[in-house]
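Examination of the molecular architecture
Below are the chains, spelled out letter by letter.
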Amino acid sequence: RYGFDAAILFSDILIVPDALGQGVRFVEGEGPRLDAIKDQAGLAVLRPDATQTKFARIAETVARLRQDLPKQTALIGFCGAPWTVATYMIGGEGSSDQAAARLFAYRDPSGFQKLIDIIINASFEYLSLQINAGADTLQIFDSWAGSLADTEFDKWVIAPNKAIVSKIRARHPSVPIIGFPRGAGTRMLEFVEKTGVSGVSCDTALPLPIMSGALADRTVVQGNLDPMRLVAGGPGLDARVHAIIAALKDRPHIFNLGHGVVPDTP
């Protein structure tokens, strides 16, 4: 409809816990609800060997999209990053501070690592299926990366994203991978260097001088228009669009939002 250079498949990040056998449902007017994992017994319910049936449905959608899209339009596959997905699996729903997952990780780090490892492996297979079905590139969304303390960021954001990138590169060496550690702030460059992503998506809070400076020296940057600017419209939207383009006109940049399109966008 709009002639974009790329299209992204939207498939809820909770496809992974659903495929793993966790109870997932959507409550009208409220959002997702999951049968929350409270302890090691909750982990035992998960079925990492039973994901293919549900993942295959997404792969079929990717294949149909790739067939219908113009050849010059890139198709981006995606999934949620392990930490972000884990916050829903443990909390049973979205939250403003991801407290349930943070507490679980502090109280039972070995149990939390087991969950992260399960999500890493499931996400890798999920992304690999999308590539095989026709996705040209991938994006890994860590929407709640900014809620972690400094030391936990290393363990639950950088390490899991690095693991997925390494697995994808071993099987699909030529496929670009974009990381999105929302809220990473000053640790964005470290995230890029340690995970090995091909590019990084920047949230709305990251200053343009950082995006166009050291970060763009190291990798392709994506972002970072505030989605609410699209809702507000008017001269403010035009001014910000021009400011982003001007700041990054000579740098490797994918113009995009700093997070997802909100439901009330005109």
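Below or above, wherever it landed, is the structure these notes cover. What you are looking at is a predicted structure, and each value in this text was computed from that prediction instead of being measured. (Residues numbered from 1 in each chain as written. Predicted model: local features only at pLDDT ≥ 70, side-chain atom pairs only at ≥ 80, totals over all residues. Heavy atoms only, no water.)

1. Thoughts on the overall build of the protein chain
Per the secondary structure count, the protein chain includes 11 helices and nine strands. On C-alpha atoms alone, the protein chain measures out to a radius of gyration of 18 Å, which is about the 18 Å that the 2.2 N^0.38 rule sets for 266 residues. Each of the three principal axes of the protein chain carries a C-alpha extent, and together these read 55 × 40 × 40 Å. Counting over 266 residues, the protein chain shows a buried share of 45%. Restricting to contacts in the protein chain with at least 6 residues of sequence separation, those with at least 24 account for 70%. Surface accessibility of the protein chain: about 12900 Å² in total, with carbon and sulfur atoms responsible for 55%. (Helix = DSSP H or I, 4+ residues; strand = E, 2+ residues; numbered from the N terminus. Rg over C-alpha atoms; globule rule 2.2 N^0.38 Å. Buried < 20%, exposed > 50% of the residue type's maximum accessible area, 1.4 Å probe, protein only. Contact = heavy atoms within 4.5 Å. Areas by Shrake-Rupley, 256 points an atom, 1.4 Å probe, with all protein chains shown as cover.)

2. Let's talk about the pattern of salt bridges
Across all of its chains, the model carries 14 salt bridges by this definition. Between Arg 187 and Asp 154 there is a salt bridge whose closest N-O contact spans 2.5 Å. You can see Arg 187 sitting in the loop between strand 6 (177–181) and helix 8 (188–195) and its partner Asp 154 sitting in helix 7 (residues 150–171), a full 33 residues away along the chain. On the accessibility criterion, Asp 154 (29% relative accessible area) is partly exposed. (Salt bridge = Lys/Arg side-chain N within 4 Å of Asp/Glu carboxyl O.)

3. Regarding unusual backbone geometry
Keep in mind that most residues, glycine aside, have a negative phi and that most peptide bonds are trans. Gly 223 connects to Asn 224 through a cis peptide bond whose omega is -5°. In this fold, Asn 224 is placed in strand 8 (residues 220–225). Of note, the phi angle at Gln 98 is positive, near 55°, even though the residue is not glycine. Mapping Gln 98 onto the fold places it in the loop between helix 4 (82–91) and helix 5 (99–107). Residue Gln 98 is classed as buried on the basis of its relative accessible area of 3%.

4. Brief notes about the nonpolar core
In this structure, Leu 46, Met 89, Phe 112, Leu 115, Ile 168 and Leu 215 are the most contacted members of the largest nonpolar core, which totals 72 residues. The greatest single-element share of this core, amounting to 12 residues, is contributed by helix 6 (residues 109–133). Those residues within four positions of Leu 215 in sequence are excluded, and the remaining contacts are Met 188, Leu 189, Val 192, Val 200, Cys 202, Leu 206, Ile 210 and Val 221. (Core = buried A, V, L, I, M, F, W, Y, C linked by side-chain atoms within 4.5 Å.)

5. Digging into the packing of helix 8 against helix 9 (residues 208–218)
Two elements in contact, helix 8 and helix 9, have axes separated by 10 Å at closest approach and are oriented at 5°. Accordingly, the angle class assigned to the pair helix 8 and helix 9 is roughly parallel. Between helix 8 and helix 9, the contacting residues are Met 188, Leu 189, Val 192 and Glu 193 on the first element and Ala 214, Leu 215 and Arg 218 on the second. Split into classes, the residues belonging to the contact of helix 8 with helix 9 amount to five nonpolar, no polar and two charged. (Axes fitted to C-alpha atoms, helices over the stretch in contact; angles between N-to-C directions. Parallel < 35°, antiparallel > 145°, perpendicular 65-115°, else oblique. Nonpolar A, V, L, I, M, F, W, Y, C, P; charged D, E, K, R; others polar.)

6. Remarks on the pairing of strand 3 (residues 31–34)
Relative to strand 3, strand 2 (residues 24–27) is paired through four bridges, and the arrangement is antiparallel. Paired with Val 27 across the strands is Gly 31, a residue of strand 3. Remark: three residues form the turn of the hairpin made by strand 2 and strand 3, two consecutive strands paired antiparallel; Gly 29 in that turn has positive phi of roughly 80°. (Pairing = 2+ DSSP bridges.)

7. Points about the environment of Arg 218
With respect to the element layout, Arg 218 can be found in helix 9. Judged by its relative accessible area of 40%, Arg 218 falls in the partly exposed class. Distance in space between the C-alpha atoms of Arg 218 and Leu 189 is 7.8 Å, their sequence separation being 29 residues. Residues within four places of Arg 218 in sequence aside, it is in contact with Leu 189, Val 192 and Glu 193.

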